[in-house]
Amino acid sequence: MAKIQSILVCGAGTMGAGIAQLSAVSGYKTILFDLNADMLTRAEEQIGAQLKKMEEKGIISVEASSAAFGNILFTTDLSLCKADLIIEAIVENAAIKKDLFNKLATLNGRETVYASNTSSISINSLAEGFIYPSQFAGMHFFNPAPIMKLVEVIQGEQSSSAVIDILVSVAKEMKKTAVRCNDAPGFIVNRVARHFYLEAMYMVEKEYLTIAEADAIMEAAGFKMGPFALMDLIGLDINYGVSNIVWEALQKPKRLTPSTLQKEKVEAGDLGKKTGKGFYNYL
Ligand SMILES: NC(=O)c1ccc[n+]([C@@H]2O[C@H](COP(=O)([O-])OP(=O)(O)OC[C@H]3O[C@@H](n4cnc5c(N)ncnc54)[C@H](O)[C@@H]3O)[C@@H](O)[C@H]2O)c1
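Not measured: the values here are computed from a predicted model.

## A short note on the nonpolar core
Reasoning step 1: Counting residues in hydrophobic clusters, the biggest one holds 40 residues, and the most contacted among them are Ile 7, Leu 32, Leu 85, Met 139, Phe 141, Leu 167 and Val 170.
Reasoning step 2: The dominant element in this core, judged by the number of residues it contributes, is helix 6 (residues 161–173), at seven residues.
Reasoning step 3: Setting aside its immediate chain neighbours within four residues, Phe 141 contacts Met 15, Ile 19, Leu 22, Ile 87, Asn 117, Leu 150, Val 151 and Met 174.

Below is the structure:
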C-alpha cells in the first residue's frame, strides 16, 4: 500500500476539528467534511485560532501555520471526499456511521484505509456488511486531539495487519503514542475510566459530595481534570453513550449502570462545553 498523503476527516465537531488540525500540521493534505455548514465554520475558526496560539507560543513558524491552514479543505460536499486515509468522527450512531462508510467506499475504492474514531461502538460491528472489511479498523484519538498523546489503534477481526501498521505509522507521524488493541467493549481507556465517571456521579446523586467538591478532590489527588469537568469537555451525550454501550456489551453489570443524573442532563440538551451548559455553566 502506498504511503498516506491525504486524510479525510468526517465530522467537524469536538474531535473532527482537532484531528483535522493535527493532520494538516503533520503535513497531510486534509479534507474536513460535515453535513452541517455551521459546524464547519466553527471548526475553521477554531483551527485558525489554535494555529495562531501555536505560532505565538513558538510551537510552529508563521509559514508552517499558514501552510497547515492552507492544507485543509472545509466542505459539505461528499463528492469531494476522496483520500488515502479516512478518519470518521461523526455522531456516535452505528447506522449513521455505516451509511457514511458505504457512501465513501463507493467514492474511494479498495485502496483507501477506513478508520473510525468511535469511542465505544464495536469495530467488528461497524465492519459488518462493509465492502472492504480488511481495509477497516479503529483509530481512537483522545480529547483534545491535538494535545493528548495517546491513540488506540483497534484491530477488528477482519482488519489486515498492513492497515494496522499504516494507522500506527500515521499516528507516529502525528507525534502520538499509538497503542494496538483488540476490539473489546470500551477498548482500553474508556473501559478503565468508566468508574472514574460513574462512581463520581453515584456519589453526587447520593449527596455524599457536590460536583465542585468531587472535581476539586480528584484534581488535588493529581488528576489533570476532575470527572465532571472532563465529562463537560468530552460532551455528556458522548460520555453517556459510551457508558450505555460498555454496560450493554458486558451484560449490564450493576457496577457499570449508567447514571440517571447524566441521562437527565442529556435529555435536557445540556451536553457540556459545546452547548454552553453541562454540569457547569459556560455562558
Ligand atoms: N468527545 C470526545 O471526547 C470523544 C473522544 C474520542 C472519540 N470520540 C468519538 O468521536 C466521534 C465524534 O464525537 P464528537 O464529540 O466530536 O461529536 P460532536 O457531536 O462534537 O460532532 C459530531 C459532528 O458530526 C457531524 N455529523 C453527524 N452526522 C454526520 C454525517 N452523516 N456526515 C457528516 N457529518 C456528520 C455533526 O454535524 C457534528 O458536527 C464519536 O464517534 C465519538 O464517540 C469522542
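## A few points about the pattern of salt bridges
Reasoning step 1: Across all of its chains, the model carries eight salt bridges by this definition.
Reasoning step 2: Between Lys 97 and Glu 92 there is a salt bridge; the shortest N-O distance is 3.5 Å.
Reasoning step 3: Residues Asp 99 and Lys 103 are paired through a salt bridge, measuring 3.0 Å at the closest nitrogen-oxygen approach. You can see Asp 99 and its partner Lys 103 sitting in helix 4 (residues 94–108), four residues apart, about one turn around the helix.
Reasoning step 4: Via salt bridges that share partners, Glu 88, Glu 92 and Lys 97 belong to a single interconnected network.

## Brief notes about unusual backbone geometry
Reasoning step 1: With an omega of -5°, the peptide bond between Asn 143 and Pro 144 qualifies as cis.
Reasoning step 2: Mapped onto the elements of the fold, Pro 144 is located in the loop between strand 6 (136–141) and strand 7 (150–155).
Reasoning step 3: Phi is positive for Glu 207, close to 60°, though the residue is something other than glycine.
Reasoning step 4: The topology assignment puts Glu 207 in the loop between helix 8 (194–205) and helix 9 (211–220).
Reasoning step 5: Positive phi outside glycine occurs at Gln 251, with the angle close to 65°.
Reasoning step 6: Summarising the element assignment, Gln 251 is placed in the loop between helix 11 (236–249) and helix 12 (260–267).
Reasoning step 7: Under the relative-accessibility criterion, Gln 251 is labelled exposed at 66%.

The rules behind these values
- Per chain, the residues get numbers from 1 upward, laid out in the order the sequence is written.
- In view of the model being predicted, local features appear only for residues whose pLDDT reaches at least 70, and side-chain atom pairs are presented and counted only at 80 or more, with totals across whole chains, interfaces and linings using the full set of residues.
- Working from all heavy atoms in the structure, the side-chain values ignore hydrogens and water.
- To define a nonpolar core, start from buried Ala, Val, Leu, Ile, Met, Phe, Trp, Tyr and Cys residues and group those joined through side-chain atoms within 4.5 Å.
- Exposed residues in this analysis have more than 50% of their type's maximum accessible area, buried residues have under 20%, and partly exposed residues fall in between, with area computed by a 1.4 Å probe over protein chains only.
- Runs of E in the DSSP output that reach at least two residues are strands. Runs of H or I that reach at least four are helices, and both are numbered from the N terminus.
- Should any heavy atoms of two residues lie within 4.5 Å, those residues are counted as being in contact.
- Salt bridge, as applied in this entry: a Lys or Arg side-chain nitrogen positioned within 4 Å of an Asp or Glu carboxyl oxygen.

Shape descriptors only; they carry no functional weight alone.
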